[in-house]
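# Breakdown of the fold
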Amino acid sequence: MASLDKVLVANRGEIALRVMRTCRAMGIATVAVYSDADGDAPFVRCADEAIRIGPAPARESYLVIPALLDAARRTGAAAIHPGYGFLSENAAFANACLEAGITFIGPPGEVIDRLGSKIAARAIAQKAGVPVVPGATPADQSNDAIAASARTIGFPVLLKPSAGGGGIGMKTIRDERALAAGIDQARREATAAFGDGTLYVERLIERPRHVEIQVLADNHGNVVHLFERECSIQRRHQKVVEETPSTAVTPALRQRMGDAAVALARAAGYRNAGTVEFLLEGTGDAASFYFLEVNTRLQVEHPVTERVTGVDLVHAQIAVARGEPLPWAQGSLAQRGHAIEVRVYAEDPSRNDLPQAGPLLLYREPSMPGVRIDSGVAEGGEIGVHYDPLVAKLIADGETREVARRRAVEALRNYPILGIRTNVSFLIELLEHPRFVAGDIDTRFLDVEGDALRARSAAEIPDEVREVARAVFTAKADLSRRSTAGEDGGAKVDPWDTLRGYRG
């Protein structure tokens, strides 16, 4: 078995911290890599060693494979954990690690490459007997052939790029009139974003749920699933709320979906952690599900699975990378209780969720039973313009869905953040919406309810509170400077402790 005594984390923010905490618990040293924008970030301070790899833009730092491999060589890191995003699903990066003699904590490059093509992944699913959405992938990729496939399947249809994800290049075509322009636009966007304009056509399922299955596979032929996550509440194909178990999945349906995910993972030669995503049509034992794609990495929403199964997924990833067999048989895994995750973003819901940047004048995370905060920020830090404006993930769990939901709402109400606008109020409104409370959700939930939720959450923080925040922040910085200079006898005073009655 490989001895991974030092791991370089090729990522930043909350996921870098998340990986480092498990490494520390396993007695593994960690190396952070950072751009000029992240020199004083919490994840850099947490690591045992830190290496600068370039300027702030990700294309000049976190996406530069030679710089990452050089950092690993310089520090003697035996392995690299890619986190999520950036290079986490990049087959070339996984292969480069292999060639450099560095363990990539994820699936092999050829598996990432195979499943990174939605067309190839769909073919693997079909061969494994996994249901797929009725559709077609014309060998002839001319516009005329794509249009003919759409007519054969019948409107409405989805045009989808073979490469990439995140909804980029995906187009809903409801009738013949929109077909030609839709094909042109989908191909242009796919080519610009992924360098590949290959398209395929699927029947449009009007109000599906998005339900995914977490899988783990080792190098000894063992594959298990860790049940489902409901990810239906999305904005522009980006997830906003995730939970497990799904309110639409019965025990019989769960077994069918889990068996399908395991069969696909086996057929693909999968290793390490991954997620098989499905569209779910209907509810109950007779519901239909269709393969969507495989995410060949750790998911943003993995903590909800950890909360209900008791499995540390990062620990499992590292153990598999070391060559250890999975310690569980499928029958020994179980769900206990319910967990909900919401993503706290620096964005302005009243301005179409416009990303925000600026200083965190006040930032205090709630601390209460059944609540976990995965964050990569600290008070006094900055939310910059170069990366995703995720502030934190708030995960709440409880013995029932209602207990978890109430805990999430209460934690959000006690999560003061000043200096930037966030979606905290929006998330509270969402979690208290009658349809969410009832579990009546689908992938169009925010298309239908989003404007009303934004309107109800758009109350402004009073100007005087903002001014107090700036004044206290300035005073705190001055006290810190004076303490460092020895001007105040080393007194440690937090001006926020003298304020009462303000809530961001």
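Residues numbered from 1 in each chain as written. Predicted model: local features only at pLDDT ≥ 70, side-chain atom pairs only at ≥ 80, totals over all residues. Heavy atoms only, no water.

Take the packing of helix H4 (residues 91–99) against helix H5 (residues 109–116) next. Packing of H4 against H5 brings their axes to within 8 Å, and their N-to-C directions diverge by 170 degrees. When the axis of H4 is compared with that of H5, the two are roughly antiparallel. Of H5, the residues touching H4 (which contributes Ala 91, Ala 94 and Asn 95) are Gly 109, Glu 110, Ile 112 and Asp 113. Its residues placed into classes, the contact of H4 with H5 shows 3 nonpolar, 2 polar and 2 charged. (Axes fitted to C-alpha atoms, helices over the stretch in contact; angles between N-to-C directions. Helix = DSSP H or I, 4+ residues; strand = E, 2+ residues; numbered from the N terminus. Parallel < 35°, antiparallel > 145°, perpendicular 65-115°, else oblique. Contact = heavy atoms within 4.5 Å. Nonpolar A, V, L, I, M, F, W, Y, C, P; charged D, E, K, R; others polar.)

Moving on to the pairing of strand E7 (residues 157–161). Of all the 5 residues making up E7, 5 are buried; the element is thus mostly covered by neighbouring parts of the structure. Judged from the 5 bridges that link them, E7 and strand E9 (residues 199–203) form a sheet pairing that is antiparallel. Considered in E9, the bridge of Leu 159 is made with Val 201. (Buried < 20%, exposed > 50% of the residue type's maximum accessible area, 1.4 Å probe, protein only. Pairing = 2+ DSSP bridges.)

Here we come to the pattern of salt bridges. Scanning the entire structure with this criterion turns up 44 salt bridges. In this structure, Arg 209 engages Glu 230 in a salt bridge whose closest nitrogen and oxygen atoms are separated by 2.8 Å. Of this pair, Arg 209 sits in strand E10 (residues 209–217) while Glu 230 is found in strand E11 (residues 223–235), placing the two residues 21 residues apart along the sequence. There is no split in this pair, since Arg 209 and Glu 230 are both buried. (Salt bridge = Lys/Arg side-chain N within 4 Å of Asp/Glu carboxyl O.)

Turning next to the sheet that holds strand E3 (residues 49–54). One open sheet accounts for 5 strands, arranged E3-E2-E1-E4-E5; its pairing is parallel. The open sheet has two edge strands, E3 and strand E5 (103–104), and neither has a second partner. As paired elements, strand E1 (residues 6–9) and strand E4 (residues 79–81) share 3 bridges and run parallel to each other. Along E4, the bridge assignment pairs Leu 8 with Ile 80.

In an α-helix, one turn spans 3.6 residues, which is why side chains three or four residues apart end up on the same side. Counted residue by residue, helix H10 (residues 302–309) has 7 buried out of 8 residues, so it is predominantly covered. Listing the buried residues of H10 in full gives His 302, Pro 303, Val 304, Thr 305, Glu 306, Val 308 and Thr 309. Immediately beyond the C-terminal end of H10, within one or two residues, lies Gly 310, with a positive phi of roughly 80 degrees.

Our next topic: the sheet that holds strand E8 (residues 171–173). The strand order E6-E9-E7-E8 describes an open sheet built from 4 strands, whose pairing is antiparallel. Edge positions in the open sheet fall to strand E6 (135–136) and E8, since each of these has one partner strand only. Pairing geometry for E6 and E9, over 2 bridges, is antiparallel. If you follow Ala 136 over to E9, its bridge partner there is Val 201. Relative to the sheet, helix H6 (residues 118–127) contacts E6, E7 and E9, its axis offset from that of E9 by approximately 50 degrees. Relative to E8, helix H8 (residues 179–194) is tilted by about 170 degrees, and along the sheet it contacts E7, E8 and E9.

With that settled, consider the confidence of the model for the chain. Mean pLDDT over the chain stands at 92; residues scoring 70 or higher make up 91%. Contacts from residues 498–504, a stretch scored under 50 in pLDDT, to residues over four places away or in other chains number 10 contacts. (pLDDT = per-residue confidence, 0-100.)

Before going further, it helps to examine the packing of H5 against H6. Following both chains from N to C, one finds H5 and H6 inclined at 95 degrees, their axes separated by 5 Å at the closest point. The orientation of H5 with respect to H6, classified from their angle, is roughly perpendicular. Residues Arg 114, Leu 115 and Gly 116 of H5 form the contact with H6, whose own contacting residues are Lys 118, Ala 120, Ala 121 and Ile 124. Partitioned by chemical class, the residues of the contact of H5 with H6 number 4 nonpolar, 1 polar and 2 charged.

The step from Phe 155 to Pro 156 runs through a cis peptide bond, and the omega angle for that step is 0 degrees. Along the polypeptide, Pro 156 turns up in the loop between helix H7 (143–153) and E7. For the bond from Thr 244 to Pro 245, the omega torsion is -5 degrees, close enough to zero to count as cis. With respect to the helices and strands, the residue Pro 245 is situated in the loop between strand E12 (238–244) and helix H9 (251–267). The phi torsion at Arg 236 lies on the positive side, around 50 degrees, for a residue other than glycine.

This brings us to the environment of Leu 326. Looking at the element boundaries, Leu 326 is found in the loop between helix H11 (313–321) and strand E15 (338–345). By relative accessible area, which is 10% here, Leu 326 ends up buried. C-alpha of Leu 326 to C-alpha of Ala 316: the two residues are 10 residues apart in sequence and 7.7 Å apart in space. For Leu 326, the residues in contact, after removing those within four places along its chain, are Leu 216, Ala 217, Asp 218, Asn 222, Val 224 and Val 320.

Glancing now at the nonpolar core. Counting 66 residues, the largest nonpolar core has Leu 8, Phe 43, Ile 80 and Phe 93 as the members making the most contacts within it. Non-local contacts of Phe 43, meaning those with residues more than four positions away in its chain, are made with Asn 11, Arg 12, Gly 13, Ala 16, Leu 17, Met 20, Ala 32, Val 33, Tyr 34, Asp 38 and Tyr 62. Counting residues in hydrophobic clusters, the runner-up holds 36 residues, among them Val 344, Ala 411, Leu 427 and Leu 453. (Core = buried A, V, L, I, M, F, W, Y, C linked by side-chain atoms within 4.5 Å.)

All right, on to the side chain of Arg 454 then. Looking at the element boundaries, Arg 454 is found in helix H15 (residues 445–456). Relative accessible area serves as the criterion here: at 12%, Arg 454 is assigned to the buried category. Residue contacts for Arg 454: discarding those within four places in its chain leaves Arg 235, Pro 349, Asp 353 and Phe 426.

Most of E10 is tucked away: 9 of the 9 residues are buried. Alternating positions in E10 separate into two faces, Arg 209, Val 211, Ile 213, Val 215 and Ala 217 on one and His 210, Glu 212, Gln 214 and Leu 216 on the other, with burial throughout. Of the strand pairs in this sheet, E10 and strand E13 (residues 272–281) are connected by 9 bridges, and their pairing is antiparallel. Each bridged residue has a counterpart across the sheet, and for His 210 the counterpart in E13 is Leu 279. Pairing geometry for E10 and E11, over 6 bridges, is antiparallel. Across the sheet, residue Ala 217 finds its bridge partner in E11, namely Val 223. Between E10 and the antiparallel strand that follows it, E11, lie 5 residues; Gly 221 among them carries a positive phi value of about 90 degrees.

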